[in-house]
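Chain by chain, the residues run as shown.
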Amino acid sequence: IFGGLLGGATTDRLVNAYGLRWGRRLPGMIAGCCACLLYLTAPYLHDLWLFVGVMIAISFTIDFGLGASWASYQDIGGRHVASVLGVGNTWGNLGAAVFAWLIGFLAQQKQWNTVFMIAAIAMAINAILWSQFDATRPVVREGEAPA
């Protein structure tokens, strides 16, 4: 909850300070980079409570980036926001389903380091893609018919 609240407030402040393009990009990039580094750290932690703290920090960090994500759907979707959000949620849920299956498979093989590495790579890709995102470019321009 706190990550989402802080991320939303930070996103609003960044949009006011740097405009829509960078105000949306920065929280996503920060969240992706931080979560990536935390996932890379996790396999090397031998203290249970430190490990739990890193897992909490990962959850906080990912939620921090969600404010920019949800706002970006509105920015680029305009009056078609439901369709844009539906496509994003569909792909996100498919990815989560595949990853959940993969985690189960890797857990049976006792390959937890691989799980953390895959998650770190996913978050690095997330940060890279956020660096290219432009919230000022709508999916459908006003007055233009959707494809």
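Everything that follows concerns the structure shown earlier in this document.
Residues numbered from 1 in each chain as written. Predicted model: local features only at pLDDT ≥ 70, side-chain atom pairs only at ≥ 80, totals over all residues. Heavy atoms only, no water.

Asks: I tried to follow the pattern of salt bridges on my own but got confused; where do I start?
Replies: Opposite charge on two side chains makes pairing possible when the charged atoms of those side chains draw close. The full count for this structure, using the stated rule, is two salt bridges. Among the ionic pairs, Asp134 bridges to Arg21, the shortest N-O distance being 2.9 Å. Note that Asp134 is positioned in the segment after α4 (112-132) and Arg21 in helix α1 (residues 2-41), a separation of 113 residues in sequence. Exposure remark for Asp134: the relative accessible area of 13% places this residue in the buried category. Of the charged contacts, one joins Arg24 and Asp75 as a salt bridge, the two residues approaching to 2.5 Å between their closest N and O atoms. On the criterion of sequence distance, the pair formed by Arg24 in helix α1 and Asp75 in helix α2 (residues 48-77) is long-range, its members being 51 residues apart. With a relative accessible area of 9%, Arg24 lands in the buried category. You can call Asp75 partly exposed: its relative accessible area is 24%. (Salt bridge = Lys/Arg side-chain N within 4 Å of Asp/Glu carboxyl O. Helix = DSSP H or I, 4+ residues; strand = E, 2+ residues; numbered from the N terminus. Buried < 20%, exposed > 50% of the residue type's maximum accessible area, 1.4 Å probe, protein only.)

Asks: How do you make sense of the nonpolar core when you look at a structure like this?
Replies: Note on soluble globular proteins: their nonpolar side chains tend to be buried together. Membership of the largest hydrophobic core is limited to 11 residues, which are Ala35, Cys36, Tyr39, Ala42, Leu45, Val54, Ile58, Phe116, Ala119, Ala120 and Met123. Residue contributions to this core peak at four residues, all from α4. Leaving out residues up to four positions away in the same chain, Phe116 has contacts with Tyr39, Ala42, Pro43, Phe51 and Met55. (Core = buried A, V, L, I, M, F, W, Y, C linked by side-chain atoms within 4.5 Å. Contact = heavy atoms within 4.5 Å.)

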